[in-house]
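Now for the letters of each chain:
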Amino acid sequence: MDNLYSLTAGELLGLLDKKTINPEEIIESVYSRAQSVDKKIKGYLNLDREKALSRAKDLPSSGKLKGIPVAVKDNICVEGELTTCASKILRGFKPPYNATVIEKLKSEGAVIFGKTNMDEFAFGSSCENSSYFPTLNPWDTSRIPGGSSGGSAAVVSADEAIMAIGSDTGGSIRQPASLCGVVGMKPTYGRVSRYGLIAFASSLDQIGPFTKDIKDAALLLGVIAGFDEKDSTSVNVPVPDYASYLKNDVKGMKIGIPKEYFVEGMDKEVEASVREAIALLKGKGAQIVDVSLPHTEYAVAVYYILATAEASSNLARFDGVQYGYRCEDPANLLDMYERTRGEGFGAEAKRRIILGTYVLSSGYYDAYYLKAQKVRMLIKNDFEQVFKSGCDCILTPTSPTPAFKVGERSADPLSMYLSDIFTISVNLAGVPALSMPCGFTKGGLPIGMQLIGNFFEEGKIFNAAYAYESNTDWHKRSPKL
Amino acid sequence: MAYEPVIGLEVHVQLKTVSKMFCGCTTGFGGAPNTHTCPVCLGFPGVLPVLNRRALTEAIRVALAVGCKVSDKVKFHRKNYFYPDLPKDYQISQYDEPLSENGRLKIKINGGEKTIKIKRVHMEEDAGKLIHEEGGDSSFVDFNRSGMPLLEIVSEPDINSPEEAYRYLTDLKLLLRYLEVSDCDMEKGSLRCDANISIRKKGGTGLGTKAEVKNMNSFKAVKSALEFEFERQSKCLEAGERIIQETRLWDTDKGVTVSMRSKEEAHDYRYFPEPDLVPFTLEAAMVENERKDLPELPEARKARFIGALSLTEYDAEVLTQDKDTADYFEECVKFYNKPKIVSNWLMGDVSGYLNAKNLSVRDSKLKPQALAGLLKEVDSGKISGKMAKDIVIEMLDTGKDASAIISEKGLAQISDTGELEKSAEEAIAENAKTAEDFLNGKDNALMFLVGQVMKKTKGKANPAVVNKILRDKLSKK
């Protein structure tokens, strides 16, 4: 079989079980696909055929992902492998340890396959902020793939990886998944260990899967989820068998439609597709109810205060002392700090560090950080109220628009920040959410919808998503490359 | 004009846990630079802290011992500042909700007592250490100390003299040693002290502008630095100058404090809640368990020594000034129930020997049971008190039992009346004048005769027996 790269993990695992193929063949197929298309997409920062093949030869005797190549966003530490957050300041950095998710993937037989491009330190919504090069959208290479996990979304969309993992701080998995026409999920905060994820905003970051369909998403999340004693924010709640939720049946399921997410000015094609998806689920027996998340309008402001505050502190360690980039011939200590960070960080990183430093500085803390913390609780409370009222899921668009043109919003940070308007509240609340394809624009760009669940109820999201996917074929379309 | 100093102390204590505050690395002292490190205490990208439970319980014990109210919530903050020995460029510490607040420490001063209020006791992690190349312009960082668990014990500005500061530190150290939570070794940096000092008119209230003094590496240095600062600030005010708020460093060699930075250059630490450590509730039962588990503290022990063991205030004070000595004393009393006698021996011959050899009582070869054995030999009359003084030195030197030494050297007292009677008769015959004196009422004369008998028996005679024999013989004359 020469098109193994186009299959899902579920399909490949079936073939591996029957021994009609072997892991090396999958690696070869996906690698040669990447060789031929990544010139256009630029989704990978590092991809090494020999390394992947040698990993495929050295697999555990069994495992839920045995032989499946999984691409990894460049902010997740892989022992001995370049891990740079697509930043000059970490150029050449090879961590001496594996992230917990990497250990889990390896123990289930996944083949760690290449590091994917991203917005520097996950700061961005377009994947144009990498210090290496921008990644492009496989559906239209004049457009962005979304960010910050744009590389992971694009390589799955372009069949250059079977699965990928990314991180989501304000929508960085769901928004690019939506714009690239794949499935992407941000699990409940605390569901997946953050140990080894180079922090952007610790209280918001969460690692999650990119896959071609819902079944694969349930499979991959099942592997990476679970309590980790190395991460004090991980929660000791048993991981259910997500596959058991994959039912083509939503009868009696109550799905909330928040009015704040369907407002004047949003893209008409996006709105139409999402409304059609709602109608489909209703037709399958789901109960559709109007709900309200009244503090939605404050989410972006709250997010950019809290996320930048944490980021300014998390990025302080890149000071040129121990690892990564250090400026040439510093005159003294202060000069080393200033030039190392001045030369090492890109514009967006500097913008956020300065913003975060400002909101934490004495005299401003109460007005900004503390106030934002309080509003965050109100936003979380909004979600709790909706789920308390009996909703199983909330359904919204993932992104207000389809993929925009490269460079279109680069000069206007604020318009870029609004790309995550539908995804940010979920991170502030800590609840899980998934984005999946729900249509295409007339111009052929993917449209995504977002399913939001209650804390640790990823299973219900998978149920609704699987029922929808089983009755549509958006996920089967592939970009022409 | 007469001034008085107003002093508050910030004491940093390194806890004696096996592993560091937020990772599994050893807290062992020494080790080649950067060998006691891991990605967590090196602050590598992606790593996360996990609180050491042992550090928490030790911190709670200290908080309880100084009478603080322990908070029901454990919460950490980040204190952000750039420094090459601070691997994350922020320190995980506690800020608006410290582990504990509102305690006190009673100190002994000028024959009386004074209570110093303790503002707070909180937990934090230590930084690494910079090593500056001698004669060169390079600096090196050793992260072995990075992430060591520290307690910060902050007093209220209740201290009004350098002597009080010295006593406060001494008594605090004693308390910490009793709790066995730290070795409190200033040379190894496991106890460090910063002082805030301002001055005001004697007897006044209110606070003047303070200076913070750092870099003092002994209690004596703290006292000297505070004396210097008091003088400096007094002269400053006398000259009509204004005192500026600043951080000053103590220069031990020159005996002066020098300005390090003024308030204008002070840091904005941008504290905010540490998002990697979720706040959690301390269970009241756990705190109560620690409270029940607290050892008897110096004050209580001293009171018991005076009350139950009938020691003098002075003896009790000296014995409880060091936990090992007090433990040793009690162990000995278990085998030989005459506390005053044990106390005399411990404070006399034994401590004299140990001090001369610079040994601690715990390292001594003389075990409490053996000392008790020696004292029993004296009581039984087998040896004299004077002989015991020689024997104890040998016991300290060799670790042998008293009985072994006595039999090896044939030191047992002669209580055999037959042999002693012969010597006594000789002594009376050789000193007829003295015998006469005794019979004429000079009691002292008998002591001379006893001495003569002791001489004849090379000190082995039992003086009590000799005394009795001499009296008998003389009375028959």
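Refer to the preceding data block for the structure.
So, here is what we can say about the structure in this document. Every chain begins its residue count from 1, and numbering advances along the sequence as written. All chains are assigned letters beginning with A, and all ligands numbers beginning with 1, in the order in which they are written. Given that the model is predicted, a residue must reach a pLDDT of at least 70 before its local features are reported, and side-chain atom pairs must reach 80 or more before they are shown or counted; all residues, however, enter totals for whole chains, interfaces and linings. Excluded from the side-chain calculation are hydrogens and water; included are all heavy atoms of the structure.

**Let's talk about the overall build of chain A**
Here a strand is any run of E in DSSP of at least two residues, a helix any run of H or I of at least four, and the numbering for each starts at the N terminus. The number of helices and strands found in chain A is 15 helices and eleven strands. Radius of gyration here is computed from C-alpha atoms only, and the compact-globule reference equals 2.2 Å multiplied by the residue count raised to the power 0.38. For 481 residues, the compact-globule formula gives about 23 Å, and the C-alpha radius of gyration of chain A, at 21 Å, lands near that figure. Reported as C-alpha extents along the three principal axes, the dimensions of chain A are approximately 70 × 55 × 45 Å. For chain A, the residues scored as buried account for 63% of the 481 residues in total. Intrachain contacts of chain A at a sequence separation of at least 6 include 75% that bridge at least 24 residues. When the accessible surface of chain A is split by element, carbon and sulfur atoms take 51% of a total near 16,700 Å². Positive and negative charge centroids in chain A, built from 54 and 57 side chains respectively, lie 2 Å apart. Exposure categories follow from relative accessible area, calculated using a 1.4 Å probe and restricted to protein chains: below 20% of the type maximum is buried, above 50% is exposed, and the middle band is partly exposed. Note on contacts: a residue pair qualifies if any of its non-hydrogen atoms lie within 4.5 Å across the two residues. Computed with the Shrake-Rupley method and a 1.4 Å probe, the accessible areas treat only the protein chains shown as cover for residues. For the purpose of charge, His is not counted, nor are the chain termini; Lys and Arg are scored as positive and Asp and Glu as negative. Positions of charges follow a simple convention, taking NZ of Lys, CZ of Arg, CG of Asp or CD of Glu.

**Things to note about the sheet that holds strand β7 (residues 254-258) of chain A**
Hydrogen bonds along the backbone pair up the strands of a sheet, which may run parallel or antiparallel. Residue and element names in this part refer to chain A. When DSSP finds at least two bridges between two strands, those strands are taken to pair. Spatially, β1-β3-β2-β4-β6-β5-β10-β11-β9-β7-β8 is the arrangement adopted by the eleven strands of the open sheet, whose pairing is mixed. Two strands in the sheet have a free side with no partner beyond their single neighbour: β1 (44-46) and β8 (287-291). Direction aside, the axes of adjacent strands within the sheet are offset by 35° on average. Of the pairings in the sheet, the one linking β1 to strand β3 (residues 111-116) comprises two bridges and is antiparallel in character. Bridging from a neighbouring strand, Asn46 pairs with Lys115 of β3. In this analysis, axes come from line fits to C-alpha atoms, helices being fitted only over the stretch in contact, and the angle between any two N-to-C directions falls in the range 0 to 180 degrees.

**Thoughts on empty space enclosed by the protein**
As defined here, a cavity is a set of points on a 1 Å grid over the protein atoms alone where a 1.4 Å probe fits but cannot get out. A pocket is an open set with protein on both sides within 12 Å along at least five of seven lines, and residues line them when an atom is within 4 Å of a point. Grid points are joined across faces, edges and corners, and a volume is the space filled by probe spheres set on the points. Per the counting criterion, the structure on display carries five cavities of 30 Å³ or more. Of the volumes computed, that of the largest cavity is approximately 130 Å³. Lining the largest cavity we find 16 residues, and of these Phe22(B), Val40(B), Pro49(B), Lys88(B) and Glu125(B) sit closest to its centre. Residues are grouped as follows: Ala, Val, Leu, Ile, Met, Phe, Trp, Tyr, Cys and Pro are nonpolar; Asp, Glu, Lys and Arg are charged; all remaining types, including Gly, are polar. Taken together, the residues that form the lining of the largest cavity break down as ten nonpolar, two polar and four charged. Here the second largest cavity is characterised by a volume of approximately 70 Å³. Lining the second largest cavity, in full, are Leu197(A), Ile198(A), Ala199(A), Ser202(A), Asn314(A), Arg317(A), Phe318(A), Pro45(B), Gly46(B), Val47(B), Leu48(B) and Asp276(B).

**Re the side chain of Ser172(A)**
Along the polypeptide, Ser172(A) turns up in the loop between β4 (163-168) and α6 (174-180). Each residue touching Ser172(A), except ones within four places of it in the same chain, is listed here: Lys73(A), Ala122(A), Gly124(A), Gly147(A), Ser148(A), Ser149(A), Ser167(A) and Phe210(A).

**Regarding the nonpolar core**
Residue and element names in this part refer to chain A. Counting residues in each nonpolar core, the largest one holds 165 residues, and the members touching the most others are Ile68, Leu105, Phe121, Ile165, Ile224, Phe383 and Phe462. Ranked by residues supplied to this core, first place goes to helix α9 (residues 299-314) with ten residues. Every residue in contact with Ile68, bar those within four places of it in the chain, is listed here: Ala9, Leu12, Leu13, Leu16, Gly109, Ala110, Val111, Ile162 and Met163. For this analysis, a nonpolar core means a set of buried residues of the types Ala, Val, Leu, Ile, Met, Phe, Trp, Tyr and Cys, connected via side-chain atoms within 4.5 Å.

**Here we look at the interface of chain B and chain A**
If you look at the interface, chain B gives 31 residues, while chain A gives 39 residues. Accessible area that two parts lose when put together, evaluated with a 1.4 Å probe and summed over both, is termed the buried area. Interface area for chain B against chain A, summed over the two sides, is near 2,800 Å², with a carbon-plus-sulfur share of 59%. Salt bridges, as used here, are contacts in which a Lys or Arg side-chain nitrogen is within 4 Å of a carboxyl oxygen on Asp or Glu. Counting the contacts that link chain B with chain A gives one salt bridge. In protein, a polar contact means a hydrogen-donor-capable atom and an acceptor-capable atom, both N or O and within 3.5 Å, with residues adjacent in sequence counting only if both atoms are side-chain atoms; elsewhere, any N or O pair within 3.5 Å suffices. On the surface where chain B and chain A come into contact, there are 16 residue pairs in polar contact (both at pLDDT 80 or more). Looking at side-chain class alone, the side of chain B that touches chain A contains 22 nonpolar, three polar and six charged residues.

**Observations regarding helix α13 (residues 432-439) of chain B**
One full turn of an α-helix is made of 3.6 residues, so residues set three or four places apart face in the same direction. All names here are of chain B. The complete set of buried residues in α13 reads Thr434, Ala435, Asp437 and Phe438. Buried residues of α13 fall within an arc of 155° about the axis and therefore sit on the same side. Buried residues along α13 sit against α12 (417-430), α14 (444-456) and α15 (463-475). At the C-terminal side of α13, Gly441 shows a positive phi close to 105°. The arc under discussion is defined with respect to the helix axis, by the directions toward the C-beta atoms.

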